[in-house]
Amino acid sequence: MDTTVENITSKKDQFIASIDGTIAGASTLSTSHVVASIVESAKESLASLSFPTTRTEAWKYTRVGKIINQKFEVKPTETQVEIGTYHIPGIQAIEMVFVNGFFRADLSETLENNVISVLPMSEAVSKYPEMVKQYYGTIANDKKDIFTALNTSYSTDGLFIHVKGEYKDTAIHLIHINDSDQVIAQCRNLIITEPNSHAKIVTSYHSKKDISSFCNQVTEVVVKENSFLSIDKIQQESEQAFHISNDFVTQEKDSTFHLNTFTLTGGWIRNNLHVHAKGNGTNTDMYGLYQPILKQHIDNHTLMIHDGTDGESNELYKGILYDKGKAVFNGKVIVAIDAQRTNAYQTNANVLLSDDASVNSKPELEIYADDVKCSHGSTTGQFDEEALFYLMARGIKKDTAKRLLTEAFLKEVVDHSDILAVRELVLRYLH
Amino acid sequence: MIKITNLHASVEGTEILKGINLEIKPGEVHAIMGPNGSGKSTLASVLAGREDYEITEGSIEFLDKDLLDMDIDVRAKEGLFLAFQYPVEIPGVSNVNFLKAAINEKRKYFGQDDISAKEFLTAVKENSALVELDGKLKNRSVNEGFSGGEKKRNDIFQMAMLQPKFAILDETDSGLDIDALQVVAKGVNAMRNDNRSFLIITHYQRLLDYIVPDFVHVLYDGQIVKSGTKELAMEMEEKGYDWIKNN
């Protein structure tokens with residue numbers, strides 16, 4: 001056997017053994033009998049899959065070595081957590097708090113009525129086993145992705161949201177905090193919106209300063225006929241944080257799904273967003289912004305599959321890169337042969353503010369239908385020096401002028417959130 | 001107001017300004033005319049602080065302070081204003097919001113409180129009327145989608161809002177039709193007073209029919225080669241720049 005392969009294999013075994021050993025005996029989502037068969041099959045996938053290398057096309061620019069060379073552990077915690085700093089000022093929301101991947105009932109507010117159910121997955125498996133069985137692991141694909149398989153195999157808890165009616169005035173805010181050094185947190189969320197329902201979700205990810213942590217979350221979403229769901233994802237973890245998101249979305253007829261990814265801080269981030277528009281007449285918006293500084297690495301991979309007719313998808317990712325910041329954008333759009341009259345638009349725009357910053361941007365279109373409108377564009381440039389001079393010549397300080405241009409560039413993405421408090425928060429944290 | 005002494009400036013090693021001497025007193029309007037490449041716009045850029053130029057010799061005193069020592073924004077705060085030859089479009093930056101930011105930074109610089117919303121709105125209303133700027137344009141992004149004439153009027157609107165002590169108009173007349181030119185001139189004339197000075201940079205005499213200068217200077221090959229009163233502009237128009245070149 002090739003020695004490098006052997007080396008990687010043993011690293012993988014050690015990596016998994018550390019998780020397996022520290023989760024042993026704990027009662028977690030992955031030990032629930034309701035999801036037992038899914039977990040068993042995920043463990044088989046996990047055994048057969050390898051961690052990607054830069055020879056793997058989808059991971060060409062993003063190395064996972066820094067993660068798998070570490071030993072992360074499952075660490076339940078009962079410690080005091082100062083939640084106030086993670087609260088979004090001015091938001092009207094129900095807060096569901098997870099620390100190190102475990103639900104904190106003491107810091108959260110669950111909700112169950114005829115419009116909406118919001119509870120931890122650990123409760124949903126016993127309260128709604130049939131519904132969990134019907135969807136859990138059916139939207140996410142662990143056959144191909146080792147990190148999804150890892151999550152399914154060892155998920156500890158997560159957020160369960162079942163939207164039955166119009167829940168418009170209040171948002172649901174998932175707050176996830178990594179609080180212990182070398183922790184791996186694997187939340188597994190399930191969101192189902194029934195026909196004609198409406199909900200807004202905010203998820204925010206944080207980690208304590210100066211700890212190394214790994215958040216490997218998976219979210220499965222079913223957006224049923226004529227329902228509306230928006231998710232604002234705010235990533236605000238520390239320098240030493242690793243984060244992999246796998247969000248899998250299925251859209252039925254005439255449904256609307258928006259996901260805004262605001263990557264404000266973080267060490268190393270990979271966001272995989274897969275949207276499968278199965279029904280006709282769907283509407284999908286995927287917006288994102290990122291602003292890596294220092295040596296931060298931010299990778300957004302999106303996959304939009306149009307299977308229904310008359311669907312529309314809009315995708316806009318914008319980034320400003322500082323220092324040695326690195327960004328990757330890969331947006332794949334597949335328009336199936338029967339998905340006539342699809343409109344799919346995709347744009348990725350980047351501003352490099354340092355000679356050492358870099359971006360790899362790759363749009364991929366696969367169009368099999370003949371009556372479609374699709375466009376994609378990718379730009380990378382610098383701030384307009386003339387605009388900067390113009391603002392300063394009116395008496396505005398250089399820093400303020402730069403900030404005005406930063407906001408101007410990213411505002412289109414920020415403004416796509418439906419929630420004022422989120423827009424304000426994001427604006428406040430732009431560099 | 002401003003005193004330029006033996007000013008030399010280069011760009012990428014090529015000397016453009018070769019010893020400019022010019023003094024403008026409070027309330028005076030000076031015009032600088034000259035052929036293309038004579039250094040007119042370079043002079044405007046150097047005064048406003050554009051960083052592409054290297055000052056190799058000379059000095060500029062602005063209100064008894066060393067202008068060359070000031071950052072671009074500080075020059076503006078101290079009362080210098082540049083109306084651009086080509087006002088830049090800045091998508092996403094609101095015209096009025098940025099103006100408010102500029103006014104408040106200036107007030108802060110002088111230890112004053114922020115402008116009140118009412119006072120600001122009144123000024124916007126009055127000054128946009130002065131240059132006949134469409135109400136909708138004020139709320140749009142800076143110059144985005146504006147016509148050439150609208151961009152120039154927007155610059156004069158900004159000048160009226162900022163109330164500078166010394167304004168430089170860098171070929172403001174270029175690309176303007178006669179109607180727009182008259183509106184721009186009206187705005188400038190309304191702002192003329194005993195304490196405010198102007199430097200009008202132009203290629204053509206036409207603008208000076210509407211903004212009548214006290215003094216006219218001819219710039220050629222980086223130096224002021226002739227100075228006079230407004231009659232000099234007429235003479236230049238009649239005889240053409242070749243007259244200067246051949247003398």
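Everything numeric here is computed off the predicted structure, so don't read it as measured data.

Student: What exactly am I supposed to notice about the pairing of strand β18 (residues 326-335) of chain A here?
Tutor: Each regular strand shows side chains that alternate between the opposite faces of the sheet. Residue and element names in this part refer to chain A. Judged by how many residues are buried, β18 sits mostly within the fold: eight of 10 residues are covered. Summarising the sheet, β18 and strand β20 (residues 358-367) pair through 10 bridges and their orientation is parallel. Bridge assignment links Ala-327 to a residue of β20, and that residue is Val-359.

Student: Whenever I open this one, unusual backbone geometry confuses me. Can you help?
Tutor: Across residues other than glycine, the phi torsion is negative in most instances, and most of the peptide bonds are trans. Residues and elements named next belong to chain B. Not every positive phi belongs to a glycine, and Leu-63 is a case in point at roughly 50°. Looking at the element boundaries, Leu-63 is found in the loop between β4 (54-62) and β5 (65-66). For Leu-63, a relative accessible area of 31% translates into the label partly exposed. In this structure, Glu-171 is a non-glycine residue whose phi angle is positive, near 45°. Assignment of secondary structure puts Glu-171 in the loop between β9 (166-170) and α7 (178-191). Under the relative-accessibility criterion, Glu-171 is labelled buried at 11%.

Student: It is not clear to me how the domain arrangement of chain A should be interpreted in this structure. Could you clarify?
Tutor: One frequent convention defines the size of an interface as the accessible area lost when the parts assemble. All names here are of chain A. Domains assigned within chain A are domain 1 (5-279) and domain 2 (387-431). For domain 1 versus domain 2, the distance between C-alpha centres works out to 31 Å. Across the boundary between the two partners, domain 1 contributes 16 residues, which contact 13 residues of domain 2. Of the roughly 1,200 Å² buried between domain 1 and domain 2 on both sides combined, carbon and sulfur atoms contribute 69%. Linking domain 1 with domain 2 are zero salt bridges. There are two residue pairs in polar contact (both at pLDDT 80 or more) connecting domain 1 and domain 2. The set of elements that each furnish at least two residues to the side of domain 1 that touches domain 2 consists of β9 (198-207), β11 (228-236) and β13 (256-265). Tallying contributions element by element places β11 first for the side of domain 1 that touches domain 2, with five residues.

Student: How should I be thinking about the sheet that holds β5(B) in this particular structure?
Tutor: The strands making up a sheet are joined through hydrogen bonds of the backbone, oriented either antiparallel or parallel. All names here are of chain B. Taken in spatial order, the four strands line up as β2-β1-β4-β5 in an open sheet, and their pairing is antiparallel. Both edges of this open sheet fall to β2 (14-24) and β5, since each of them pairs with a single strand only. In this sheet, β5 lies alongside β4 in antiparallel orientation, the contact comprising two bridges. Across the sheet, Phe-62 pairs through a bridge with Lys-65, a residue of β5. Lying on the sheet, helix α1 (residues 40-48) is in contact with β1 (2-11), β2 and β4; it crosses β1 at an angle near 110°.

Student: Sorry, what's going on with the side chain of B:Thr172 here?
Tutor: Residue and element names in this part refer to chain B. Among the secondary structure elements, Thr-172 is positioned in the loop between β9 and α7. For Thr-172, a relative accessible area of 2% puts it in the buried group. Residues in contact with Thr-172, not counting those within four places in the same chain, are Ala-83, Lys-152, Val-184 and Ile-201.

Student: It is not clear to me how a negative patch on the surface should be interpreted in this structure. Could you clarify?
Tutor: A contiguous patch of negative charge, built from A:Asp384, A:Glu385, B:Glu12, B:Glu23, B:Glu51, B:Asp52, B:Glu61, B:Asp64, B:Asp66, B:Asp69 and B:Asp71, is present on the exposed surface. Mapped onto the secondary structure, A:Asp384 falls in the loop between β21 (373-381) and α7 (385-392).

Student: Explain the interface of chain B and chain A to me, please; I cannot follow it from the model alone.
Tutor: Contact with chain B, which involves 27 residues of that partner, is made by 17 residues of chain A. Between chain B and chain A the total buried area reaches about 1,900 Å² when both faces are included, carbon and sulfur atoms providing 67% of it. Run the count over chain B and chain A and you get two salt bridges. Taking the shortest distance from any N to any O, the salt bridge between B:Arg50 and A:Glu386 comes out at 2.6 Å. Joining chain B to chain A, the criterion identifies 10 residue pairs in polar contact (both at pLDDT 80 or more).

Student: I would appreciate a short explanation of helix α3 (residues 95-109) of chain B in the present structure.
Tutor: Because each turn of an α-helix spans 3.6 residues, side chains separated by three or four positions end up pointing in the same direction. All names here are of chain B. Here α3 is 15 residues long and its end C-alpha atoms lie 21 Å apart, about the 21 Å a rise of 1.5 Å per residue gives. Listed as buried for α3 are Asn-95, Val-96, Phe-98, Leu-99, Ala-102, Ile-103, Asn-104, Glu-105 and Lys-106. One or two positions beyond α3, positive phi appears at Gly-111, with a value near 75°.

Student: Is there a simple way to think about the pattern of salt bridges in this case?
Tutor: Working definition: two side chains of opposite charge can pair if their charged atoms are close together. Residues and elements named next belong to chain A. This model, assessed by the stated rule, comprises 25 salt bridges over all chains. For the salt bridge of Lys-332 with Glu-366, the shortest nitrogen-to-oxygen distance reads 3.3 Å. Pair noted here: Lys-332 is in strand β18 and Glu-366 is in strand β20, with a separation of 34 residues, a long-range link. You can call Lys-332 partly exposed: its relative accessible area is 23%.

Definitions and cut-offs
- Residues numbered from 1 in each chain as written.
- Chains lettered and ligands numbered in written order.
- Predicted model: local features only at pLDDT ≥ 70, side-chain atom pairs only at ≥ 80, totals over all residues.
- Heavy atoms only, no water.
- Buried < 20%, exposed > 50% of the residue type's maximum accessible area, 1.4 Å probe, protein only.
- Helix = DSSP H or I, 4+ residues; strand = E, 2+ residues; numbered from the N terminus.
- Pairing = 2+ DSSP bridges.
- Domains from an automatic or database assignment.
- Contact = heavy atoms within 4.5 Å.
- Buried area = accessible area lost by both parts, 1.4 Å probe.
- Salt bridge = Lys/Arg side-chain N within 4 Å of Asp/Glu carboxyl O.
- Polar contact = N/O pair within 3.5 Å; in protein donor to acceptor, adjacent residues only side chain to side chain.
- Axes fitted to C-alpha atoms, helices over the stretch in contact; angles between N-to-C directions.
- Patch = residues over 30% accessible without salt bridge, like charges linked within 9 Å, V, L, I, M, F, W, Y side chains within 5 Å.
- Areas by Shrake-Rupley, 256 points an atom, 1.4 Å probe, with all protein chains shown as cover.
- Lys, Arg positive; Asp, Glu negative; His and termini not counted.
- Charge placed at Lys NZ, Arg CZ, Asp CG, Glu CD.
- Expected span 1.5 Å × (residues − 1).

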